[in-house]
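The primary structure of each chain is shown beneath.
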Amino acid sequence: DAVDAMTISSSKVGIGTTSPTNKLHIEGGNLQLSTNQHITWGYGGNNAIYGNDSSDFIKIFTNGSERLIVNSSGNVGIGTTTPPEKLTVEGNISASGAIRSDSTITADTYFASSDAAVVLAPADGGGTVYLRPNGVGSGTGATSVSSAGKLTVNGAISASGTITTDKFKANLEA
């Protein structure tokens, strides 16, 4: 039985089908573009998916700007063209759920909400970790742990259980 390779019906093109249901309907095959070609939306080409076979990447553009890349290593970049990690985001990230890791999370910045912040040590390990209530400040209530392991509390210390130590030094001024 002979099968029509291409059908044009009611302004619809069918490849591998005699009854296309969309403007372009490909049945039983793939769509292949030459390297450095892209798929665009609209007349200006501002929104596109672009791929390159020799460099092995896929990019997504919106409003004429590159927004997302998947590079040859499988690294995904949002807001960056050269993601060094599996996911690299240049800019703020918002999550409505938990952010979890089975490994180490390193940062040169802080996580903050309207009433508290956790400031992480720089990735080189030379800094201090701060726990700060009421935003990012170093005043009353800020707690820190230095890279040498020294705990500093600016404010009252409260414990509901036993505090155990080999050495204890207190300044008990009245």
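Residues numbered from 1 in each chain as written. Predicted model: local features only at pLDDT ≥ 70, side-chain atom pairs only at ≥ 80, totals over all residues. Heavy atoms only, no water.

**So, the sheet that holds strand 9 (residues 87-89)**
Pairing in this open sheet of six strands is mixed, and the strands run 4-5-6-7-8-9 from one edge to the other. Strand pairing shows two members of the sheet lacking a second neighbour, strand 4 (38-41) and strand 9, which therefore form its edges. With direction set aside, neighbouring strand axes in the sheet form an average angle of 15°. Relative to strand 9, strand 8 (residues 76-78) runs parallel, the two sharing three bridges. When the sheet's bridge partners are listed, Val76 is paired in strand 9 with Leu87. (Pairing = 2+ DSSP bridges. Helix = DSSP H or I, 4+ residues; strand = E, 2+ residues; numbered from the N terminus. Axes fitted to C-alpha atoms, helices over the stretch in contact; angles between N-to-C directions.)

**Structural notes on the sheet that holds strand 2 (residues 12-15)**
Spatial ordering of the open sheet is given by 1-2-3, a layout of three strands whose pairing is mixed. Pairing within the sheet leaves two strands with one partner each, and these edge strands are strand 1 (6-9) and strand 3 (24-26). Along the sheet, successive strands turn relative to each other by an average axial angle of 15°, direction set aside. Judged from the four bridges that link them, strand 1 and strand 2 form a sheet pairing that is antiparallel. If you follow Ser9 over to strand 2, its bridge partner there is Lys12.

**Examining the side chain of His25**
Checked against the element boundaries, His25 lands in strand 3. Side-chain polar atoms of His25 contact the backbone nitrogen of Thr21, separated by 3.1 Å. When sequence neighbours within four positions are dropped, the list of residues in contact with His25 reads Val13, Gly14, Ile15, Thr17, Ser19 and Pro20. (Polar contact = N/O pair within 3.5 Å; in protein donor to acceptor, adjacent residues only side chain to side chain. Contact = heavy atoms within 4.5 Å.)

Shape is all these values report; function is a separate question.
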